[in-house]
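Chain by chain, the residues:
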Amino acid sequence: MATTQPVRPQAVLDQEMPPHISMTADVWRRFARNRLALVGLAMVGLLVVCAVFANHLSSYDPNNLDMSIVGTPQPPSWQHLFGTDADGRDYFTRMLFGARVSLEVGFSAMLVAITFGTIYGAISAFYGGWVDASMMRFVDMMLSFPTFFLILTVEAVTNNFSIIVIMLVIGMLSWMGVSRLVRGQILSLRERDFVSAARALGAEDGRIIWRHLLPNALAPVIVAATLAIGDNILTEAGLSYLGLGVQIPTPSWGNSLQKALDPETLAAPWLIVIPGLLIVLTVVAFNFVGEGLRDALDPKTRGRGT
Amino acid sequence: MSNYLGRRLLGLIPLMLGISVISYAIMALAPGGTGSIFLHSARPMSPADVLIIKQQLGLDKPWFVQYFYWLHNLVFNQSLGFSFIDGRPVMIKILEKLPTTLQLISLSFVCTLTIAIPAAIYAATHKNSFVDYLTTAISFIGYGMPTFWLGIMLLEIFAVRVHWFPSSGLSSIDSTGFNLGDRIHHLVLPVATLTFVSLASWMRYQRASMLDVLDEDYIRTAAAKGLSRTTVIYKHALRNALLPVITLVGLYLPALLTGAYFTEIVFSIPGMGYLGLNAIFERDYPTVMGITLFSASLVVLGNLLADIGYAAADPRIRYD
């Protein structure tokens with residue numbers, strides 16, 4: 001029996017079918033509809049520009065001590081946008097270079113944590129059984145420590161405060177959440193037909209993990225990565241505030257607050273308010289972007305017209 | 001339930017052992033390691049003397065052998081060793097400070113819940129209202145705010161500019177003995193600091209949980225039956241919305257401890273965080289190790305209580 005399919009002219013098809021949208025374009029369209037996410041993205045963009053062009057955006061040297069005003073911090077003025085600190089250094093310049101440090105540490109520690117956590121979680125979920133059980137027990141142990149205190153201790157024990165070490169220590173002690181996330185994703189993906197198909201075609205374990213499982217588990221990892229940058233910036237600020245992070249004279253938002261409780265700094269509130277506000281705004285911006293991405297990438301709502 | 005509890009308690013043994021190995025390994029693998037005790041000696045020692053003392057203390061053995069000495073001492077003598085700085089038992093040093101930290105944490109926890117739960121209920125039941133936006137704003141800002149900076153700001157405003165509250169410590173210098181009014185006066189700023197940063201997670205989580213519950217069929221049923229709005233919200237919705245939040249107690253404890261440590265440092269409150277930071281600066285490894293272990297134990301205990309609380313509160317959950 002031949003079923004008769006009415007043949008439609010192409011013009012009608014074009015009208016009725018929704019236009020083809022690539023995933024990236026769809027995600028962007030949904031991201032851009034979220035006002036907070038756009039604000040966050042703009043703030044992050046501005047920050048990146050400031051950090052990259054820090055040495056072009058200010059005519060001062062961040063470490064140049066203006067001997068004529070040492071000891072008496074100057075309030076903000078047109079000459080010194082954010083005033084000067086107790087050592088007579090231009091605070092705006094120091095904040096610009098501080099942004100560079102924050103972003104460097106935040107971003108690279110995130111890369112370390114995401115890479116390690118993803119590999120760890122993927123291996124754990126893929127092999128299952130006792131491998132999975134023991135690997136996840138280790139994650140439980142690591143998560144029982146207050147992470148910041150652990151980072152602080154390791155930083156103190158290492159006694160090396162170069163930015164690379166700080167970034168490695170933060171990254172290597174904050175991958176646990178990601179590993180759980182990836183594991184959960186892959187556990188649910190592992191049993192799907194397309195994985196069996198790949199295996200039947202003779203794909204090796206590594207190829208199945210890398211080509212089939214990880215790309216499908218990517219969305220929540222991207223969200224976690226964005227949020228992690230904010231968390232890492234907070235961690236770096238805390239470390240530097242306590243003197244166990246970025247060392248003076250390298251400018252960092254956290255270490256600018258080290259002398260916050262000295263009488264001469266308490267008398268110059270801008271020295272306290274500005275770095276703190278910058279930290280808050282930056283972390284909030286990354287959270288806006290992260291939340292926006294979460295909504296935009298969520299397959300349950302993606303492609304819906306709302 | 002008792003079966004579940006038994007299994008849960010048994011699982012604690014390998015967890016705590018693992019935690020103690022990690023705490024020990026960090027210290028032992030440090031450049032200089034446990035041997036850095038010699039940095040504190042008043043006069044330089046000859047290598048031969050150092051060797052003799054190392055042999056006496058067992059420091060010439062590899063770190064995992066030392067770990068078993070340490071563990072044996074902990075289990076059978078309840079001892080965490082002696083501080084490198086003042087030679088006092090670490091266990092006693094920590095137990096002295098523990099009540100202060102617990103006091104700070106529990107006070108701010110009560111304050112957080114008192115503010116967060118009503119605010120979240122209002123925000124969830126009045127979506128897109130001013131309070132809803134305010135709650136969301138506080139959630140984001142509180143999350144991004146470094147605890148130490150908030151502490152410094154409150155201190156700068158309320159202790160330095162207007163002298164409403166003292167800036168540091170737990171009691172006035174001239175006070176004799178314990179004075180409740182004086183203690184509360186000293187605790188206002190630290191508790192406010194810790195409460196504000198904790199509010200972020202709680203309000204956000206509680207609001208989301210409430211919104212989820214309000215979408216459930218049984219809420220519509222309750223409303224359709226003609227129950228009053230108050231009954232529906234406070235009796236049907238709130239009870240169910242509080243359940244998932246119990247889990248947050250366990251999840252949030254590490255962050256709360258970190259926040260408390262920072263608060264202690266800013267306000268010079270002699271608690272575990274203050275002790276720990278000084279120990280870190282002085283390379284007092286036994287004390288640092290003790291505090292790391294204590295913090296992790298508190299977190300494990302909190303998680304256990306949260307799990308038991310959840311199982312007890314939700315009749316739908318069966319653990320067999």
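Per chain, residue numbering runs from 1 following the sequence as it is written. Chain letters and ligand numbers both follow the written order, the letters beginning at A and the numbers at 1. With pLDDT at 70 or above as the cut-off, local features in this predicted model cover only qualifying residues; side-chain atom pairs require 80 or more to be listed or tallied, and sums for whole chains, interfaces and linings still use all residues.

Peer 1: Whenever I open this one, the overall build of chain B confuses me. Can you help?
Peer 2: Each helix and strand counted, chain B has 11 helices and 0 strands in total. Residue pairs qualify as contacts under a 7 Å threshold applied to their C-beta atoms, which are placed from the backbone. Long-range contacts, defined as pairs at least 24 residues apart, comprise 70% of the intrachain contacts of chain B with a sequence gap of at least 6. Per the convention used, a helix needs a DSSP run of H or I reaching at least four residues, while a strand needs a run of E reaching at least two, with both numbered from the N terminus.

Peer 1: When you look at the overall build of chain A in this model, what are you seeing that I'm missing?
Peer 2: Looking only at helices and strands, one finds 14 helices and 0 strands in chain A. Secondary structure elements of chain A, listed N to C terminal, follow the sequence α-α-α-α-α-α-α-α-α-α-α-α-α-α. Note that the radius of gyration is over C-alpha atoms, with the globule rule given as 2.2 Å times the number of residues to the power 0.38. Radius of gyration (C-alpha) of chain A: 25 Å, far over the 19 Å computed for a compact globule of 306 residues. Dimensions of chain A along its principal axes, counting C-alpha atoms only, are 100 × 55 × 25 Å. Taken over 306 residues, chain A has a buried fraction of 42%. When contacts within chain A are restricted to residue pairs at least 6 apart in sequence, those whose partners lie at least 24 apart make up 72%. Here a residue counts as buried when 20 or more other C-beta atoms fall within 10 Å of its C-beta, as exposed when 12 or fewer do, and as partly exposed in between; the C-beta atoms come from the backbone.

Peer 1: When you look at helix H8 (residues 163-172) of chain A in this model, what are you seeing that I'm missing?
Peer 2: Along an α-helix, residues three or four positions apart point the same way, because every turn accommodates 3.6 residues. Of the residues making up H8(A), those classed as buried are Ile166(A), Met167(A), Val169(A), Ile170(A) and Gly171(A). Elements in contact with the buried residues of H8(A): helix H5 (91-127), helix H7 (147-158) and helix H12 (218-241) of chain A.

Peer 1: Can you walk me through the interface of chain A and chain B in this structure?
Peer 2: Accessible area lost upon the coming together of the parts serves often as the stated size of an interface. Contacts between the two partners involve 34 residues from chain A, matched on the other side by 35 residues from chain B. Breaking the side of chain A that touches chain B down by element, the ones donating at least two residues are helix H6 (129-144), H7, H12 and helix H14 (270-297) of chain A. A per-element tally of the side of chain A that touches chain B places H7(A) first, with 8 residues. Gly falls in the polar group here, along with every residue not listed as nonpolar (Ala, Val, Leu, Ile, Met, Phe, Trp, Tyr, Cys, Pro) or charged (Asp, Glu, Lys, Arg). Class assignment of the residues belonging to the side of chain A that touches chain B gives a composition of 24 nonpolar, 8 polar and 2 charged.

Peer 1: Got a minute to help me understand unusual backbone geometry in this structure?
Peer 2: A negative phi angle is the norm for most residues apart from glycine, just as the trans form is the norm for most peptide bonds. A cis amide bond, omega 15°, links Ile248(A) with the succeeding residue Pro249(A). If you trace the backbone, Pro249(A) turns up in the loop between H12 and helix H13 (263-266). For Gln78(B), which is not glycine, the phi torsion reads 45° and is therefore positive. Among the secondary structure elements, Gln78(B) is positioned in the loop between helix H3 (63-77) and helix H4 (90-125). With 9 C-beta atoms packed within 10 Å, Gln78(B) lands in the exposed category. A positive phi angle is found at Arg283(B), which is not glycine, with a value near 55°. Within the secondary structure, Arg283(B) sits in the loop between helix H10 (272-281) and helix H11 (285-313).

Peer 1: It is not clear to me how the packing of H12(A) against H14(A) should be interpreted in this structure. Could you clarify?
Peer 2: A pair of packed helices is captured by two measures, namely the crossing angle of their axes and the spacing between those axes. All names here are of chain A. Viewed as axis vectors pointing N to C, H12 and H14 meet at an angle of 170°, and their least axial separation amounts to 8 Å. On the basis of the axis angle, H12 is roughly antiparallel to H14. Where H12 approaches H14, its residues Ala-219, Ile-222, Val-223, Thr-226, Leu-227, Ile-229, Gly-230, Ile-233, Leu-234 and Ala-237 are matched on the opposing element by Ile-279, Thr-282, Val-283, Phe-286, Asn-287, Val-289, Gly-290, Leu-293, Arg-294 and Leu-297. Of the residues that constitute the contact of H12 with H14, the class distribution is 14 nonpolar, 5 polar and 1 charged. Helix axes use the C-alpha atoms of the stretch in contact, all axes being lines fitted to C-alpha atoms, and the angles between their N-to-C directions lie in the range 0 to 180 degrees. Should an angle lie under 35 degrees it is considered roughly parallel, over 145 roughly antiparallel, and from 65 to 115 roughly perpendicular; all remaining angles are considered oblique.

Peer 1: What am I meant to see in H12(A) here?
Peer 2: Residues and elements named next belong to chain A. The span you would expect from a helix comes to 1.5 Å times its residue count less one. Helix length check: H12 (24 residues) gives 34 Å between terminal C-alpha atoms against 34 Å at 1.5 Å per residue, within 8%. Burial runs high along H12: 20 of the 24 residues are buried. Directly after H12, the chain includes Gly-243, whose backbone phi takes a positive value near 85°.

Peer 1: Explain the environment of Phe165(B) here, please?
Peer 2: Mapped onto the secondary structure, Phe165(B) falls in the loop between helix H6 (147-161) and helix H7 (180-214). As for Phe165(B) and Ile184(B), which are separated by 19 residues in sequence, their C-alpha atoms are 10.0 Å apart.

Peer 1: What is the right way to look at the environment of Tyr218(B) in this model?
Peer 2: Residues and elements named next belong to chain B. Its place among the elements puts Tyr-218 in helix H8 (residues 217-224). Owing to 12 C-beta atoms within 10 Å, Tyr-218 belongs among the exposed residues under this scheme. Distance from Tyr-218 to Asp-86, taken between C-alpha atoms, is 62 Å for residues 132 residues apart in sequence.

Peer 1: Explanation requested: the confidence of the model for chain B in the structure shown.
Peer 2: Residue and element names in this part refer to chain B. Of the residues in chain B, 91% reach a pLDDT of 70 or more, and the chain-wide mean stands at 83. Every residue is assigned a pLDDT by the predictor, reflecting its confidence on a scale from 0 to 100. Mean pLDDT across the elements of chain B ranges from a minimum in helix H2 (residues 47-57), with 73, to a maximum in H4, with 91. Confidence metrics for the complex model read pTM 0.86 and ipTM 0.85.

Peer 1: Sorry, what's going on with the nonpolar core here?
Peer 2: Among soluble globular proteins, nonpolar side chains are generally buried collectively. Within the largest apolar cluster, 147 residues are counted, with the highest numbers of intra-cluster contacts made by Ile151(A), Leu152(A) and Ile279(A). If one sorts the elements of this core by residue count, H5(A) sits on top with 16 residues. Not counting residues within four places of it along the chain, the set of residues in contact with Ile279(A) comprises Ile233(A), Leu234(A), Ala237(A), Trp253(A), Pro146(B) and Trp149(B). As used here, a nonpolar core is made of buried Ala, Val, Leu, Ile, Met, Phe, Trp, Tyr and Cys residues. They are joined through C-beta atoms within 7 Å.

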